[in-house]
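# Observations on the three-dimensional arrangement
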Protein chains: 2
Amino acid sequence: MVTLRKQYAVARPLYSEDSFAEDHEKVSRQRKTIMDHFAEYLTCDSKRAKNAVLSLLPVIGWMRIYRVRQWLLGDVVSGISTGMVAIMQGLAFSLMASLPPIYGLYTAFFPMLTYFFLGTSRHISVGSFPVLSLMVGAVVTRLVPEIGPSANITSFEGLTKDQQRVLVASSVTFLMGIFQLAMGVMQVGFIVVYLSDTLVSGFTTSAAIHILVSQLKFVLGLTVPGINGPLSIIYTLEKIFVQITSTNICDLVMSILIMAMVFIVKELNDKYKAKLPVPIPIEFLMTVIACGVSYGFNFKERFDVAIVGTMVSGYESPIAPDMEIFQESALEAFPIAIVGFAVAFSVAKVYSIKHDYTIDGNQELIAFGVSNIFGASFRSFAASTALSRTALQESSGGKSQIAGLISAIMAMIVTVSLGFLLEPLPKSVLGALVIVNLKGMLMQFRDIPYLWKKDKPDCVVWVGTCLGATLLGLDLGLAVGLGVELLTVVLRTQFPRCSVLANIPGTDLYRDRKDYQHMFEPNGVKIFRIPSPIFFANIDFFRDKLLEAVGFNPLRVLKKRDKALKKVKKLLTEQRKKGDVTETGLDGSFYQTAEESHVNMKVLDLPTDLKDFSLRIDWKLNAELPADISVPRVDLHSLILDFSAVSFLDISALKGLKTALKEFIRIDVDVYIVSCDAYILEKLHSCLFFDDEILTSMFFPTLHDAMLHVLAKDTGDRSTGCVLSDTKL
Amino acid sequence: MVTLRKQYAVARPLYSEDSFAEDHEKVSRQRKTIMDHFAEYLTCDSKRAKNAVLSLLPVIGWMRIYRVRQWLLGDVVSGISTGMVAIMQGLAFSLMASLPPIYGLYTAFFPMLTYFFLGTSRHISVGSFPVLSLMVGAVVTRLVPEIGPSANITSFEGLTKDQQRVLVASSVTFLMGIFQLAMGVMQVGFIVVYLSDTLVSGFTTSAAIHILVSQLKFVLGLTVPGINGPLSIIYTLEKIFVQITSTNICDLVMSILIMAMVFIVKELNDKYKAKLPVPIPIEFLMTVIACGVSYGFNFKERFDVAIVGTMVSGYESPIAPDMEIFQESALEAFPIAIVGFAVAFSVAKVYSIKHDYTIDGNQELIAFGVSNIFGASFRSFAASTALSRTALQESSGGKSQIAGLISAIMAMIVTVSLGFLLEPLPKSVLGALVIVNLKGMLMQFRDIPYLWKKDKPDCVVWVGTCLGATLLGLDLGLAVGLGVELLTVVLRTQFPRCSVLANIPGTDLYRDRKDYQHMFEPNGVKIFRIPSPIFFANIDFFRDKLLEAVGFNPLRVLKKRDKALKKVKKLLTEQRKKGDVTETGLDGSFYQTAEESHVNMKVLDLPTDLKDFSLRIDWKLNAELPADISVPRVDLHSLILDFSAVSFLDISALKGLKTALKEFIRIDVDVYIVSCDAYILEKLHSCLFFDDEILTSMFFPTLHDAMLHVLAKDTGDRSTGCVLSDTKL
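Not measured: the values here are computed from a predicted model.

## Notes on the packing of aromatic side chains
Within a pair of aromatic rings, the relevant descriptors are the distance that separates the centres and the angle that separates the planes. Scanning the model with the defined rule gives 56 aromatic pairs over all chains in all. Between Tyr106 of chain B and Tyr315 of chain B the ring centres are 5.0 Å apart and the planes differ by 50°, which places this aromatic pair in the tilted class. In this pair, Tyr106 of chain B sits in helix 6 (residues 102–118) while Tyr315 of chain B sits in the loop between helix 13 (299–303) and helix 14 (323–354), placing the two residues 209 residues apart along the sequence. Residue Tyr106 of chain B is classed as buried on the basis of its relative accessible area, which comes to 0%. By relative accessible area, Tyr315 of chain B is classed as partly exposed at 28%. Both rings, one in Phe535 of chain B and one in Phe536 of chain B, keep their centres 5.4 Å apart while their planes meet at 80°; by these two values the pair is edge-to-face. A connected cluster of aromatic rings, assembled from ring pairs, spans Tyr103, Tyr106, Phe109, Phe110, Tyr315, Phe374 and Phe378 of chain A. The residue whose ring lies beneath Arg511 of chain A is Phe20 of chain B, and the NZ or CZ to ring-centre distance is 4.3 Å.

Now the structure itself:
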């Protein structure tokens, strides 16, 4: 067997980083500075200019490759079926935003018009998104509450409550658009990477809970004022339960029926996905039926059911956003902008990978920014994409934004001419449709046990985000979730498992000495592995672990030695005064040692600086010091630090490391640093890390090089060859 | 020369992680679970109980070793000189907290009484701290503004404005004490590690600016209402400049004189530190002189100078904190608690290291918590330590908290019997004394160029914290600074410099191939180094860098291959129908290849799953595919990922890594992972990272092992020995 095994054989000179650099000259590379990058970024030539124009109007790109025969039919079919869902969702989500339903249809129309030209995704269905609608609704009900007076805003004068609400919603949307556009222009689209899957999952689950609670009042037919701020969800639930006896039974029964129907048909749609060309538009059918029944039996009058009510046909004139509302809602518009973009981008990314084309985050930001600003000017509210609608658009054959345009036209047709048909629709039906669609989002609760099993910090992020967003509200909750998430990254690097390594006999490999039985660990040598970056939050932690590993505190040893030296000096001076340096009550051998160690009177005359002096006493001969002077024994002569996993050092780490190394060096422990990254070594040089105590010669390319060096030094450089061929290694 | 060089020689079997594990059995170690740690933590025996009691009353510990003869004199001298400063500072800082000066003397007395018993530091001088005073002052002026009505708090009824202010200050202090005590009991003292030196430096510099601005009105003798919230510093400056013409010249001249005197004498104190037994108490002297002059010339009447005014002799009765104020100020009391503790702890740490004793962060939290609760009950405000006072206490010979106790008694004497002497003291004198003491804190601006040179992210943290705290206020600024600081840690790990490694010929060492001239990089092998942990924020970054390094996108290749296969299949099926499989317009050799690759008709009949099929075509023979089918050529056969610096993986990284690896494996690239940390490997196992595509056999202990394995495999396992002894390696 052994002969069949492949062999690993290496024979080369022993290298320290210094000798390696001597033998292998580095190519001098000009590193780009920040200014170079900046200059490059600002460079402009005709090709770049053309590309910039093309990337600003992605429609040109995909229109060029549009295959009419193969794609158009799919786009039309998909556009029509998505359009029906978009209408339903528009109506329902506008209730979530506390706005009259017609504005949901606006949102399904206007933003799409600009996204068509500017968007890089060919598959997402632009329009209302429940979480955003809810977040806009929070601002709307804060400034224009159901009960009580509206906020003190000048332009509210002379407007009805609904008009005030529309003004608030469109102003917030306008501001959100400005934020998105600004982020796109500043090219900071990358910030969505901080919204990790875990965070988004926790956040959307919490959003689903909020949505569920917000729709309960419609399903139960109750009047509950919108409540805002931290813990509002609990207060809302309390208000609902207080008046639960006034539930409108007609609303409740209808809702339950509809939820059951939609749920069942959706499951069937899923099951027979392969066989159905287009899923059954059950939500549309239920809406039509509900409209008919409600109209036929006059639900409004007979059962006091809340219905959609008067739908203004056609579009209203554009509206200017209000500066006062900007001021009031700036802190809320920012998270709305982030969430809106993050959701759209992550959905778009999935389909871009599936269909193998590239999307551009910054261009998407610009597209959504412009779309929201445009939409807001025409009274529509925050647009992004809904996962379900996009999935439908893609699965029913949509190949490009032509499908999106067609669904927008569907919304327009309903707005302009068929709106009146929706007037008798009970609001509870819309609520029921929203609730039944929350299934997927609420199913994310199953992530908790999964994450707990796989990675506990991730689970903490999920639960933290979900709890935070549920209790504090979506905007504050997002901030809390981000904070927790960033903190877990810090915490993961902050408390890593340090280990003391030892050699696997017969190899150049080093492992945790606790993990294996037969390990080689020479006397007086400690190998300490630092398994993570070093920075302000863990430099003390590492120092403690290192002291624990070596078993003593070098600073204390140094102090004890200094103290002992002072005493010895005092004794010597006293005896010198007496003139009997040789005749003494102290053990003669100590003085011999001291003499050998160049402790001459000149040094002793120096008033304070005992450093040089202390370095020259052989502290191993501890026992021969005067009886009342005791100094801790140090058995360590070499300390090797494995830096292979140290991916960065900050300024606190530099300082702390320097101090720690000096403490060891001053008590005559040789310190070696191995496997240090080339960039970190460069940084140490540029930060003046090295001085007359901390030398570049302490760096070695591998642990084994350092170990061989230590062993060779330890055996007095006599039997170098012997050690190297020694079976121990 | 060469013969003198130490040699590095290793001969051992080639190991993969699997074969290494076979040869070296791991000791099965019972890892402690969270529950074990928790159980251990809760274990109680008599020794632990005794230790707990001792650690709760550190006074017992240091009293036992108190050396009356050597320490007592120093303590008394230090106590008296510190006491004088404490009185001055108490008066001055109470103005910063917008409280009558007498309460500053309270703060110099009460908190010390409990700290004496509970504190672990023997050198800090407990009492008022300017930053804390200012933060308390912000709450005080928010709830009880100079102009306009006080906040709507029940217990304010019937109280004078000053009484209301004292109630607010003591309630905030009480709450701060509760926070500190709670943190101490929960043993979370470690959180101060997040306040890095850089952050504290930026924060205190900003505090100095705030203090400077807050004292300007006293120095100029103006009446400026306290302004709160973001940008308050700008509004305050505006108010001051608006009425700069009404400056009280007497105040101004006196202030400038005092500042100049104090500044000069302080410099002299510093210069002749070694020769002076105790620094000249210039502040005390100036105060006495100012009192005398102000009284003698009746400044108050003659020049309309604002003076300290009536000082109530003795102590007032205890006060209960107010719950309504708790609610109003909870968000502000928390940063006050953190800052107060952080400053005291960092100062205490410096002296504990200098004098070689241990301090305990959690016990310090308990000590300050109790001291603040106790102090607040007696109407004193937030206590921590002032750096200058502690430095004086230590340098003038203080060895233990006996010195602190004596300085507290000094404050008591002034409060009880000498307070009336301070009545004619102009407030501008106190302001001038505060301003002249800001020198050290403002000098920290010099950190900016230093940090910029050494470490840019740290510089950003400094500037971010300082700007944030200056513009947004100290509490919000602290939060902003913390956020920036955490973000820099994330950013440092997020965008590391990835590199492609190559072998240094003749060695087992691998370096960045761009850095050296003569490197060995076998054809078809890429070594990619991941130089940092992998987590949600950088997994995509790494994927992009990896694709850039290998030069192609494996997913796209896979898709193209699938597409080509479908076409080939279609062609074959068509031709099979025609019955002329052998006679074809296509190049015959392709079919041979296909036949060799087991592309039989059975496989072609399978409807969708082309995966197995695709794996069996030799894509290297690209050129022999039908002319209209082109598939990108892949020259890579082995990809080695260097994981030595990957100190952790989160769940997103696991998913992303798995996907990326699979993409490469599916286009027949062998992937190897080397130098993976043992804990990460364990984690991968526990997270079910491995399946039938991703095998444990891809892990190797070192880069060189993997490289030798690849080379041996590449040469067909024939000349293994030859490759190993090859001079190339």
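## Some words on the pattern of salt bridges
Residues and elements named next belong to chain A. Considering all chains together, one arrives at 48 salt bridges over all chains under this definition. One salt bridge in this structure joins Arg492 and Asp455, with 2.8 Å as the shortest N-O distance. Remark: Asp455 occurs in the loop between helix 21 (447–454) and helix 22 (456–472) and Arg492 occurs in helix 23 (residues 474–494); sequence separation between them is 37 residues. The pair Arg492 / Asp455 is uniform in exposure class, with both members buried. In this structure, a network of salt bridges that share partners links the residues Lys658, Lys662, Arg666, Asp691 and Glu693.

## Re the sheet that holds strand 4 (residues 499–503) of chain B
All names here are of chain B. Strand order in this open sheet of six strands is 5-4-6-7-8-9, and the pairing throughout is mixed. Of all the strands in the sheet, just strand 5 (510–512) and strand 9 (699–700) have a single pairing partner and so form its edges. Where strand 7 (residues 638–642) lies against strand 8 (residues 670–674), five bridges are found, and the strand directions are parallel. In the sheet register, Leu639 faces strand 8, and the bridge partner there is Val671.

## Re the interface of chain A and chain B
On the side of chain B, 92 residues touch chain A, which itself brings 91 residues to the contact. A combined buried area of about 8,800 Å² lies between chain A and chain B, and 58% of that area is made up of carbon and sulfur atoms. Our enumeration of links across chain A and chain B arrives at 12 salt bridges. In this structure, Arg556 of chain A and Asp356 of chain B form a salt bridge, with 3.2 Å as the shortest nitrogen-oxygen distance. Across the chain A-chain B interface, the total number found is 29 residue pairs in polar contact (both at pLDDT 80 or more). For the side of chain A that touches chain B, the leading source of residues is helix 23 of chain A, giving nine residues. Here the side of chain A that touches chain B is composed, by residue class, of 40 nonpolar, 18 polar and 33 charged. Alignment of strand 1 (residues 7–13) of chain A against strand 1 (residues 7–13) of chain B, held across seven bridges, turns out to be antiparallel.

## Details of the sheet that holds strand 9 (residues 699–700) of chain A
Residue and element names in this part refer to chain A. Strands sit in the order 5-4-6-7-8-9 across an open sheet of six strands; the sheet is mixed. The open sheet is flanked by strand 5 (510–512) and strand 9, the only strands paired with a single partner. Contacts between helix 31 (residues 703–714) and the sheet are confined to strand 4 (499–503), strand 5, strand 6 (525–529), strand 7 (638–642), strand 8 (670–674) and strand 9, with strand 8 contributing the most and set at about 160° to the helix.

## Side note on the relation of the copies chain A and chain B
Taken together, a rotation about one axis and a shift along it account for how the two chain copies relate. Take chain A, turn it by 180°, move it 0.0 Å along the axis, and it overlays chain B with an RMSD of 0.2 Å. In the structure described here, the two chain copies are related by an operation that fits a two-fold rotation axis. Closest approach to the rotation axis among the C-alpha atoms of chain A is made by Ala645 of chain A, whose C-alpha sits 1.9 Å away. A shared interface surface links the copies, since 98% of the contact residues of chain A are contact residues in chain B too.

## Digging into the packing of helix 5 (residues 68–96) of chain A against helix 17 (residues 387–395) of chain A
Residue and element names in this part refer to chain A. Direction vectors running N to C along helix 5 and helix 17 enclose 165°, while the axes themselves pass 8 Å from each other. In terms of orientation, helix 5 lies roughly antiparallel with respect to helix 17. The hand of the helix 5/helix 17 crossing is right-handed. Along the contact surface, helix 5 presents Ser78, Ser81, Thr82, Val85, Ala86 and Gln89, while helix 17 presents Ser388, Arg389, Leu392 and Gln393. In the contact of helix 5 with helix 17, the residues fall into three nonpolar, six polar and one charged.

## So, unusual backbone geometry
All names here are of chain A. Its identity as a non-glycine residue notwithstanding, Arg379 has a phi of 70°, on the positive side. Within the secondary structure, Arg379 is located in the loop between helix 16 (361–377) and strand 3 (384–385). Of note, Leu688 is a non-glycine position whose phi angle comes to about 55°, a positive value. The class of Leu688 is exposed, set by a relative accessible area of 60%.

## Quick notes on the state of the cysteines
Disulfide: a covalent bond formed between the sulfur atoms of two cysteine residues. Tallying each qualifying case throughout the model produces zero disulfides over all chains. Looking at Cys250 of chain A, it has no disulfide partner, and the nearest cysteine sulfur is the one in Cys291 of chain A, 14 Å off. With no disulfide partner, Cys676 of chain B has as its closest neighbouring cysteine sulfur the one in Cys687 of chain B, 12 Å distant.

## Topic: helix 5 (residues 68–96) of chain B
In this model helix 5 of chain B runs 39 Å from its N-terminal to its C-terminal C-alpha over 29 residues, within 8% of the 42 Å that 1.5 Å per residue would give. Just beyond helix 5 of chain B, the residue with positive phi is Ser98 of chain B, at close to 55°.

## Quick word on the environment of Gln163 of chain B
Within the fold, Gln163 of chain B resides in helix 8 (residues 161–185). For the pair formed by Gln163 of chain B and Ala52 of chain B, sequence separation is 111 residues and the distance between their alpha carbons is 40 Å.

## Here we look at the packing of helix 14 of chain B against helix 16 (residues 387–395) of chain B
Residues and elements named next belong to chain B. Contact geometry for helix 14 and helix 16: axes closest at 11 Å, N-to-C directions at 25°. When the interaxial angle is binned, helix 14 and helix 16 end up roughly parallel. For the pair helix 14 and helix 16, the crossing hand works out as right-handed. Mapping the contact onto sequence places Val343, Val347, Tyr351 and Lys354 in helix 14 and Leu387, Thr390, Ala391 and Glu394 in helix 16.

Rules and cut-offs
- Residues numbered from 1 in each chain as written.
- Chains lettered and ligands numbered in written order.
- Predicted model: local features only at pLDDT ≥ 70, side-chain atom pairs only at ≥ 80, totals over all residues.
- Heavy atoms only, no water.
- Phe/Tyr/Trp six-rings, centres within 6.5 Å; stacked < 30°, edge-to-face > 60°.
- Helix = DSSP H or I, 4+ residues; strand = E, 2+ residues; numbered from the N terminus.
- Buried < 20%, exposed > 50% of the residue type's maximum accessible area, 1.4 Å probe, protein only.
- Lys NZ or Arg CZ within 6 Å of the ring centre and 35° of its normal.
- Salt bridge = Lys/Arg side-chain N within 4 Å of Asp/Glu carboxyl O.
- Pairing = 2+ DSSP bridges.
- Contact = heavy atoms within 4.5 Å.
- Buried area = accessible area lost by both parts, 1.4 Å probe.
- Polar contact = N/O pair within 3.5 Å; in protein donor to acceptor, adjacent residues only side chain to side chain.
- Nonpolar A, V, L, I, M, F, W, Y, C, P; charged D, E, K, R; others polar.
- Axes fitted to C-alpha atoms, helices over the stretch in contact; angles between N-to-C directions.
- Least-squares fit on C-alpha atoms with pLDDT ≥ 70 in both.
- Parallel < 35°, antiparallel > 145°, perpendicular 65-115°, else oblique.
- Left-handed = near helix turned anticlockwise from the far one by under 90°.
- Disulfide = S-S within 2.5 Å.
- Expected span 1.5 Å × (residues − 1).

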